Amino acid sequence: MGLDVNWALDWLKLSAKAMDEHRVELIELDRAIGDSDHGENMDRGFQAVLQKLDETPPETPGAALKSAAMTLMSKVGGAAGPLYGTAYLRAATSLGDASHIDAAALAAALAAARDGVVARGKAELGDKTMIDAWTPAVEAAEKAAASGADALAVLEAAAEAAETGAMATDPLVARKGRASYLGERSAGHRDPGAASTALLLRAAAAAAAGSTGDTGTDAV
Amino acid sequence: MTVGIVVVSHSSKIAEGAVELAAQMAPDVELVAAGGTDDERIGTSLEKVLAAVEQSLVDSGGDGVVVLTDLGSAVMTAESAVEFASDPDAVLLADAPLVEGLVAAAVAAQGGAGVEDVRKAAEAVAFGNGPSGGGGPEIPEGRDEPDASADFELINPLGMHARPAAKIAGGLSGLDAEVTVNGVDGMSIMALMALAAGKGSILRVEARGKDATKAVEYVGRLVKEGFGEL
């Protein structure tokens, strides 16, 4: 048992759907404290991800994530490209060529993804970045996996923690990225990167649940 | 062959313009621009940057590649490109202001400096150290007597401008000597230009180190030849 390549493909499809449906909200968040291109860039990036997966169908979950990583790094344009690209790439490396992923492997892949974002962006917890969604998500996933939860429960725990983490960026003052130029004025706005991370992890859980429905979340 | 240089910017116009500017002072250096996204929007693209790095690795024939970048995500894309490059150890990222750092790096490469020294030349241009920031790294006063020194009168009509400064800095970067010209770092193009020394000005050249004499002679020869402008 465990999650297979169809889960990875569903995850990426639901991610693209979420980026499309929440494009305007992400643009609005980024307009407040950044350069207002996050929603546009993520939407375009994930459309390109789907196109590439269609052209060259992957055989394992790791291969699907690696394909997405390379596409995002080349097509997104903004900082989210190398950050999410590195996250997906490190997760793909962590998964290796396994055809099925269990809860422990999934938690390890999420941790590898988070470590990749930290290494690339050099942000710390509390800097008002996507790390503020990734780190609680990884901690919740590891805790769930250690307590014997299955892959779906691990992803649901991660998604919920990411949403809480994203909402908790509202009062923070940005210390990294374009928003850091605003200083105190960045407080009172949600970090767009943390919001998109919450959407992507919610999509991962929805894909595992076999749901293709609502991509809504409180985190955007 | 010289060290190759890749310029990564969010804007293709910035990358191409910076390359055009630096090429004036470093005609033999292979400079590759990698700006903008694949579809010519503002942003950076791993594919573009990686292609530029690979081209530069070939152009430089094993001498190595230095990458200069502009804002945040350009740095991240460049770091990713280095990880994917066919020879990651031969590609160095320079943490320097894009335009000033590029010009300094290009001149160092033109002068035959190795890949580490080309990066150092770029990074020696600290932010705010350009002509408006007071003229290059501070040279401590009251040091030991120089190992070699001489005064030379500028005879070329335009005096000290970008090309002479580049020739002086470029040649000195290949020598084992610390050199000052009228008290500023002789290896800093920006500091030399900031001297704003016109025709008839006297350049006081002081050098310390193994190649001190060679360094003073090198500057003297350039000045007497009018930097090839006579």
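Cut-offs applied
- Residues numbered from 1 in each chain as written.
- Chains lettered and ligands numbered in written order.
- Predicted model: local features only at pLDDT ≥ 70, side-chain atom pairs only at ≥ 80, totals over all residues.
- Heavy atoms only, no water.
- Helix = DSSP H or I, 4+ residues; strand = E, 2+ residues; numbered from the N terminus.
- Rg over C-alpha atoms; globule rule 2.2 N^0.38 Å.
- Buried < 20%, exposed > 50% of the residue type's maximum accessible area, 1.4 Å probe, protein only.
- Contact = heavy atoms within 4.5 Å.
- Areas by Shrake-Rupley, 256 points an atom, 1.4 Å probe, with all protein chains shown as cover.
- Lys, Arg positive; Asp, Glu negative; His and termini not counted.
- Charge placed at Lys NZ, Arg CZ, Asp CG, Glu CD.
- pLDDT = per-residue confidence, 0-100.
- Buried area = accessible area lost by both parts, 1.4 Å probe.
- Polar contact = N/O pair within 3.5 Å; in protein donor to acceptor, adjacent residues only side chain to side chain.
- Nonpolar A, V, L, I, M, F, W, Y, C, P; charged D, E, K, R; others polar.
- Pairing = 2+ DSSP bridges.
- Axes fitted to C-alpha atoms, helices over the stretch in contact; angles between N-to-C directions.
- Core = buried A, V, L, I, M, F, W, Y, C linked by side-chain atoms within 4.5 Å.
- Salt bridge = Lys/Arg side-chain N within 4 Å of Asp/Glu carboxyl O.
- Phe/Tyr/Trp six-rings, centres within 6.5 Å; stacked < 30°, edge-to-face > 60°.
- Expected span 1.5 Å × (residues − 1).
- Arc of directions from axis to C-beta.

Some details on the overall build of chain B
Each helix and strand in chain B was counted, giving 8 helices and 8 strands. Compactness check: chain B gives a C-alpha radius of gyration of 18 Å against a globular reference of 17 Å for 230 residues, within 12% of the reference. Judged by the C-alpha coordinates and their principal axes, chain B covers about 55 × 35 × 30 Å. Taken across its 230 residues, chain B has 53% of its residues classed as buried. Contacts spanning at least 24 positions in sequence make up 76% of the contacts within chain B whose residues lie at least 6 apart. For chain B, the accessible area works out to roughly 10,100 Å², and carbon and sulfur atoms hold 51% of it. Chain B carries 15 positive and 36 negative side-chain charges, and their two centres are separated by 7 Å.

Some points on the confidence of the model for chain A
Summarising the model, chain A shows a mean pLDDT of 93, and 95% of its residues fall at 70 or more. Here helix α2 (residues 23-33) of chain A is the element of chain A with the lowest mean pLDDT, 92, and helix α7 (residues 131-146) of chain A is the one with the highest, 98.

Regarding the interface of chain A and chain B
At the interface, 20 residues of chain A touch 18 residues of chain B. Between chain A and chain B the total buried area reaches about 1,400 Å² when both faces are included, carbon and sulfur atoms providing 48% of it. Here chain A and chain B share 10 residue pairs in polar contact (both at pLDDT 80 or more) between them. Broken down by secondary-structure element, the contributors of at least two residues to the side of chain A that touches chain B are α3 (38-55), α4 (61-75), α5 (80-95) and α6 (103-121) of chain A. No other element matches the 5 residues that α5 of chain A contributes to the side of chain A that touches chain B. Among the residues forming the side of chain A that touches chain B, the class breakdown is 8 nonpolar, 6 polar and 6 charged.

What about the sheet that holds strand β8 (residues 202-208) of chain B?
Hydrogen bonding along the main chain pairs the strands of a sheet, whether they run parallel or antiparallel. Residues and elements named next belong to chain B. Strand order across the open sheet formed by 4 strands is β5-β8-β6-β7, with antiparallel pairing between neighbours. The open sheet has two free edges, formed respectively by β5 (148-153) and β7 (184-185), since each of these has just one partner strand. Of the strand pairs in this sheet, strand β6 (residues 178-181) and β7 are connected by 2 bridges, and their pairing is antiparallel. Residue pairing for β7: Thr180 is matched across the bridge by Asp185. The sheet contacts of helix α8 (residues 212-224) involve β5, β6 and β8, and relative to β5 the element is tilted by about 5 degrees.

Observations regarding the nonpolar core
One finds Trp7, Leu12, Phe46, Tyr84, Tyr88 and Trp134 of chain A together with Val6 of chain B to be the most contacted residues of the largest nonpolar core, which totals 90 residues. With 11 residues, helix α9 (residues 192-208) of chain A is the largest single contributor of residues to this core. Listed in part, the 32 residues of the second largest apolar core include Val181, Val205, Val219 and Phe227 of chain B.

A word on the pattern of salt bridges
Counted by the stated rule, this structure contains 21 salt bridges over all chains. Asp43 of chain A is the salt-bridge partner of Arg23 of chain A, the closest N and O atoms lying 3.8 Å from each other. With Arg23 of chain A in helix α2 and Asp43 of chain A in helix α3, this residue pair connects regions lying 20 residues apart in the sequence. Overall, Arg23 of chain A belongs to the partly exposed group, its relative accessible area being 25%. Its salt-bridge partner being Lys122 of chain A, residue Glu79 of chain B comes within 3.1 Å of it at the nearest N-O pair. Of the two residues, Glu79 of chain B is situated in helix α3 (residues 72-84) and Lys122 of chain A in the loop between α6 and α7; the pairing between them involves two chains. Connected through shared salt-bridge partners, Arg90, Arg120 and Lys122 of chain A together with Glu79 and Glu83 of chain B make up one network.

Looking at the packing of aromatic side chains
Residue and element names in this part refer to chain A. Counting across every chain of the model gives 3 aromatic pairs over all chains. Both rings, one in Trp11 and one in Tyr88, keep their centres 5.6 Å apart while their planes meet at 25 degrees; by these two values the pair is stacked. With Trp11 in helix α1 (residues 5-21) and Tyr88 in helix α5, this residue pair connects regions lying 77 residues apart in the sequence. Judged by its relative accessible area of 4%, Tyr88 falls in the buried class. Ring geometry for Phe46 against Tyr88: centres 6.4 Å apart, planes inclined by 65 degrees, an arrangement best described as edge-to-face. Placement of the pair is Phe46 in helix α3 and Tyr88 in helix α5, with a sequence separation of 42 residues.

Describing helix α4 (residues 98-110) of chain B
All names here are of chain B. Over its 13 residues, α4 extends 18 Å from the first C-alpha to the last, a length consistent with the 18 Å expected when each residue adds 1.5 Å. When you tally the buried positions in α4, you get 10 out of 13 residues, the bulk of the element. By the burial criterion, the buried members of α4 are Leu98, Gly101, Leu102, Val103, Ala104, Ala105, Ala106, Val107, Ala108 and Ala109.

Comments concerning α2 of chain A
All names here are of chain A. Looking at α2, one finds that the buried residues are Leu26, Ile27, Leu29, Asp30 and Ile33. All buried residues of α2 project into a common sector of 165 degrees when viewed along the axis, lining one side. On its buried side, α2 packs onto α1, α3 and α9.

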